[in-house]
Each structure stands twice: as structure tokens, then as C-alpha cells.
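# Structural description and commentary
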Amino acid sequence: MKLTSRSVSLVPIVSTVATVALGASLLLAANANAATTLGAAAAQSGRYFGTAVAAGKLGDQTYVNILNAEFNMVTAENEMKWDATEPNRGQFTYSNGDRILNQAIGNGKRVRGHALLWHQQQPGWAQGLGGSDLRQAALNHVTQVATHYKGKIYAWDVVNEAFADGGSGGRRDSNLQRTGNDWIEAAFRAARAADPAAKLCYNDYNTDGINAKSTGIYNMVRDFKSRGVPIDCVGLQSHLSNNAPSDYQANIQRFADLGVDVQITELDISGSNQANAYGAVTRACMAVPRCTGITTWGIRDTDSWRTGENPLLFTGSGAKKPAYTAVLDALNAGGPGPTTTTTTTTTTTNNPGPGGCTASVSLNEWNGGFVANIKVTAGSSALTGWRVATTLSNGTVTNAWSAGRSGNSGAITWSNVDYNGSVPAGGSTEFGFQGTGSASGLTPTCSAS
Ligand code: 9MR
């Protein structure tokens, strides 16, 4: 009896031990594959993990050791800003920015450029300018700095913090804004011309959830995409306290759906829920393929601009905090990788002789969306009007520019608008559209009308 009862009671114990042992070995197996640094963990899904760096700290060995071990993207905290790079009009100083860039590139990291135009940290001479003089100075600044760093910057914050806080959803008043509402697009065009390889971002704070300010920016990005203003990414700074907004992921997703990358650019989180919140932010980014990376605004709590709030991943002495582990685990848990955008060009010849035309498409596709640009080329006679037929079996057009359309999916006929119907013999014009789903295999056919 005694034995039996003992053996009965032993069964669950043995099986529990066996389960624990099995669980531990599974855990061990998972951990054996898990990356042990933030940068390596992010890289598993094609993302990056970055930090803001201050040039003045590059002599601090603890700081540099963590920087080199953990991060694979770097943002200059202040050294590439207008006051730092052009202290006198037309006189550029890049020494501190270059120090940060060279340290990063020398250690295999990439660099986010921050920030070409901002209403703060302007040099005194620019603060005193206005109107066309300021416009010219600002665009020259964009051109000069982007040219200096040409080919070395992964993404530029071309314009920083240009939208107003509060419920208006409109622009912030500033000397730059007073030069005309188009100053932002002018800056993006100047940046693209100077460094075509850099991704061009708009960056702002208090835009982490869906609110009036982030919606104002959303509308601007949608407008830019529809008119072909070069914009590639939106930065959500994410200076947070205790929690990410509940619609954080939805907000990231809605920007991604416009066809831009989203980057978490200045993350720091204060408060007792810090570790959970860092985990939630990281998981939200990991869940959206076009959320391509996360940057914390400093390395150790003592490096933070938020003095006394301890909002970063490392203690003042360089120890990893629970928030660090929460981020690392979320990065290791994976998620859909950032979309590799594929570009394909298909040309369809359709009656290219006198009175005819050809159409070709340049297609950018990612998981769940696409942007198509279609070029209409006249044959050996001028066109006075044109039509292009496409079939979209697996996609839906959400937005189009420079053409009228007969519908949003299936067989769609596109036709010229009043300003691009006349195309000289051999000349060409372009229109485009974006949508959800896929446009793979799109073969446009052109006819004169
Ligand atoms: O961290 C930066 C701090 O050292 C500067 O004094 C400050 C000047 O305004 O800028 C801080 O960085 C800001 C960033 O450039 C833009 N978003 C807000 C950041 C924190 O203020």
C-alpha cells in the first residue's frame, strides 16, 4: 500500500521533472539560435537597432564598448544639425559629424542623418532671416550637407518637427513655415537631388499614436506620394512615458500602407512600466514589415537628454536593464521581415507607328502593397490624347496621379488629364498609382485617343 501510494505519487513528480527537463532543453535550443546583441537580433529580420551618439562621448570606453557591441545604426545626437554644420552662412564645419560617421562606418554600422531642417537649433544668422532669403539659405543648407555626406547616409531626417501640437493637425509656425507651405517638399526635392541613394524621412514627436498631429503628417505623406514628391520614410520619435499608445502598431501600419518605411527614431521610455513598454514598442515594429528599425535616443541613462528619468536600456554604469532584455527578446522572437521592394519594368509595345504609343511600367512591390509608375511614349507622330489599359487581378488602386481612371481593380482604363494629353512624336509622359495587394505581371497597353 505504502509503496503503491508512493509509486502513484511519484508518477506525476517524475513526469513533471521530465516536462521541465524537456522544456529546459527546448529553451536551450531556442536560446542557442537567439542573437545576443540588439543589432544582431534586429538584423535577423533585416532590421537595424540604433542609438543616438554624442561626439563628446567617443572617448568614454564604456560608452564605446556598448556602442560597438550592441548597435548597428547611429544617429548624431546634435552634430549634423544646422547650427553645428553651418555656424556662419556658407561656412560649413563637419568635424564632429564626421567623427561620428567615421566611427560608425569604421565599425560596420550605418548612419541616419539628423536633421537637415528644423525650427530649433538653427544658427543665429538663419534665425534672423525670412522670406526668399531664408528659403534660399535653407535649400542651400540641405544641398550642401546632403552632398557632403552623399552615399554615406542610410536615411536623412530631411525635415524635423514641422507640425503643430494640439488638435489642429496643421503646421507649426516657424520662420521656415513662413517662407511658404511648400518649404517641406522643396527640402525633400533638394535632398533627393543631392543624395539620390539616401532614404528621405519626415521626423516628429507626439505622433506615435493616431492623433490630429500624426494625421496631419499622414495627409502630407499621402499628398507627397500622390504628386511624386520624393519621400521614403516617416520617423516616429517615440519619447514615451510608461506606455506606448494603444494604437501604436495601427499608426505604424497606416503610414506603411502609404508606401513609406517607418522608423522609430528617438525611442526612450520613462516610468515603472518601462520594460513592458519597450517590449510592446519593439513587438509593434516587428509586426509591420515596413517598420525597418528602432533607434534609442542615447545609450545609458546618464547619456539621456531626459535627466533623472532613466529612460534608456543601460544603467549609468553600463549594465543591461530589464528593458534591454524585453527588447532583445522581442527582436529574437522575430516577425515578418521588412519588405524587400522589388522593382520590375515591363514594356508593352502597342501600335508604336504613326499615331500610336507604347507604355512601360516601373513597379515597386512589397508585402501587401505597390506603387506603379507608367510611362507613355508617343510613336513617330505626336499624340493629342492617350489611353492605357491595365488588368489588376490581385490588387486595388487606392490613389493615382496624372491620369483619370475607370475603376480601382480588374480591367482599368487610364486616360490622360488635360495637361499631359499632348505628347510630341517620340516624347513621353508619366502617370502613376498606388494600391493594396499585388500588381505583379501588370502589362499596360497604350492606344492613341
Ligand atoms: O538630445 C538632444 C539634446 O542634446 C539637445 O540639447 C536638444 C536641442 O534641442 O536636442 C535633443 O535631441 C532632440 C532631437 O534632435 C529632435 N527630437 C527631440 C530630441 C530631444 O529634445
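See the structure above.
In what follows, the accompanying structure is described. (Residues numbered from 1 in each chain as written. Predicted model: local features only at pLDDT ≥ 70, side-chain atom pairs only at ≥ 80, totals over all residues. Heavy atoms only, no water.)

It is worth spelling out the overall build of the protein at this point. A count of helical and extended segments in the protein gives 12 helices and 18 strands. Dimensions along the principal axes, computed over C-alpha positions, put the protein at roughly 100 × 65 × 45 Å. A buried classification covers 51% of the 449 residues belonging to the protein. Sequence-distant contacts in the protein: of pairs separated by 6 or more residues, those separated by 24 or more amount to 74%. A total of about 18,300 Å² of accessible surface is found on the protein, and carbon and sulfur atoms cover 52% of it. (Helix = DSSP H or I, 4+ residues; strand = E, 2+ residues; numbered from the N terminus. Buried < 20%, exposed > 50% of the residue type's maximum accessible area, 1.4 Å probe, protein only. Contact = heavy atoms within 4.5 Å. Areas by Shrake-Rupley, 256 points an atom, 1.4 Å probe, with all protein chains shown as cover.)

Next up on the list: the site of the ligand. Near the ligand you find 14 residues, and of these E77, K81, H114, E161 and E266 are the closest. Contact distances for the ligand include 2.9 Å between an oxygen atom and a side-chain N or O atom of N78. A distance of 2.9 Å separates an oxygen atom of the ligand from a polar side-chain atom of W297. Considered on its own, the ligand offers 450 Å² of accessible surface; in the complex 76% of this is hidden by protein. Of the residues in the shell around the ligand, the class split is 3 nonpolar, 7 polar and 4 charged. (Near = heavy atom within 4 Å. Polar contact = N/O pair within 3.5 Å; in protein donor to acceptor, adjacent residues only side chain to side chain. Nonpolar A, V, L, I, M, F, W, Y, C, P; charged D, E, K, R; others polar.)

With that settled, consider empty space enclosed by the protein. Using the criterion set out here, one finds 2 cavities of 30 Å³ or more in the structure. Space inside the largest cavity adds up to approximately 40 Å³. Taken together, W118, H119, N160, E161, A162, R172, S174, L176 and W183 make up the full set of residues lining the largest cavity. Tallied by class, residues from the lining of the largest cavity come to 4 nonpolar, 3 polar and 2 charged. Empty space within the second largest cavity amounts to approximately 30 Å³. If you go around the second largest cavity, the residues you meet are L117, L134, R135, A138, L139, L176, T179 and W183. (1 Å grid on protein atoms, 1.4 Å probe; cavity = no way out; pocket = protein on both sides within 12 Å on 5 of 7 lines; lining within 4 Å. Points joined across faces, edges and corners; volume = space filled by probe spheres on them.)

To continue, consider the environment of N219. Locating N219 in the fold gives a position in helix α9 (residues 212–227). For N219, a relative accessible area of 34% translates into the label partly exposed. Separated by 50 residues in sequence, N219 and G169 place their C-alpha atoms 9.4 Å apart.

Another point: the sheet that holds strand β13 (residues 386–392). What links the strands of a sheet is backbone hydrogen bonding, and the strands pair in either a parallel or an antiparallel sense. With antiparallel pairing, the 4 strands of this open sheet are ordered in space as β15-β16-β13-β18. Whereas interior strands pair on both sides, the edge strands pair on one side only; in this sheet they are β15 (404–405) and β18 (445–448). Here 6 bridges tie β13 to strand β16 (residues 410–415), and the two strands are oriented antiparallel to one another. Paired with V388 across the two strands is W414, which belongs to β16. (Pairing = 2+ DSSP bridges.)

The topology assignment puts T358 in strand β11 (residues 357–366). Since its relative accessible area comes to 17%, T358 is described here as buried. Along the chain, T358 and A448 lie 90 residues apart, while their C-alpha atoms are 9.5 Å from each other. In this view, T358 contacts T348, T349, N350, P352, K375, V376, T377 and C446; residues no more than four positions away in its chain are not counted.

Glancing now at the state of the cysteines. Considering all chains together, one arrives at 3 disulfides under this definition. Between the sulfur atoms of C201 and its disulfide mate C233 the distance is 2.0 Å. Between C201 and C233 the disulfide shows an S-S torsion of about -85°. By sign, it is left-handed. One end of the pair, C201, is in strand β5 (residues 199–204); the other, C233, is in strand β6 (residues 233–236), with 32 residues separating them in the sequence. C201 gets classed as buried once you look at its relative accessible area, which sits at 0%. Across a sulfur-sulfur distance of 2.1 Å, C285 and C291 are joined as a disulfide pair. (Disulfide = S-S within 2.5 Å.)

A few words now on unusual backbone geometry. Each neighbour pair has its own omega, and for H114 with A115 the value is -10°, a cis peptide bond. A positive phi angle, near 65°, is found at S238, a position not held by glycine.

What follows covers the nonpolar core. In this structure, W156, V159 and F188 are the most contacted members of the largest nonpolar core, which totals 90 residues. Looking at which element gives the most residues to this core, the answer is helix α8 (residues 183–194), with 7 residues. If sequence neighbours within four positions are ignored, F188 has contacts with V158, V159, L200, C201, Y202, F224, V229, P230 and I231. Judged by nonpolar contacts, the second largest core, of 24 residues, contains L363, I374, L383 and F431. (Core = buried A, V, L, I, M, F, W, Y, C linked by side-chain atoms within 4.5 Å.)

Further remarks concern the pattern of salt bridges. Considering all chains together, one arrives at 19 salt bridges under this definition. Between D157 and R112 there is a salt bridge, and its shortest N-O distance comes to 2.8 Å. Of the two residues, D157 is situated in strand β4 (residues 155–160) and R112 in strand β3 (residues 110–118); the sequence distance between them amounts to 45 residues. Taken as a pair, D157 and R112 share a single burial class, namely buried. In this structure, K213 and D165 form a salt bridge, with 2.8 Å as the shortest nitrogen-oxygen distance. Taken together, the residues K213 in helix α9 and D165 in the loop between β4 and α8 connect sequence positions 48 residues apart. Residue classification places K213 among the buried residues on the basis of a relative accessible area of 3%. Judged by its relative accessible area of 38%, D165 is partly exposed. Residues joined by salt bridges that share partners form a network here, namely K57, D60, R300 and D303. (Salt bridge = Lys/Arg side-chain N within 4 Å of Asp/Glu carboxyl O.)

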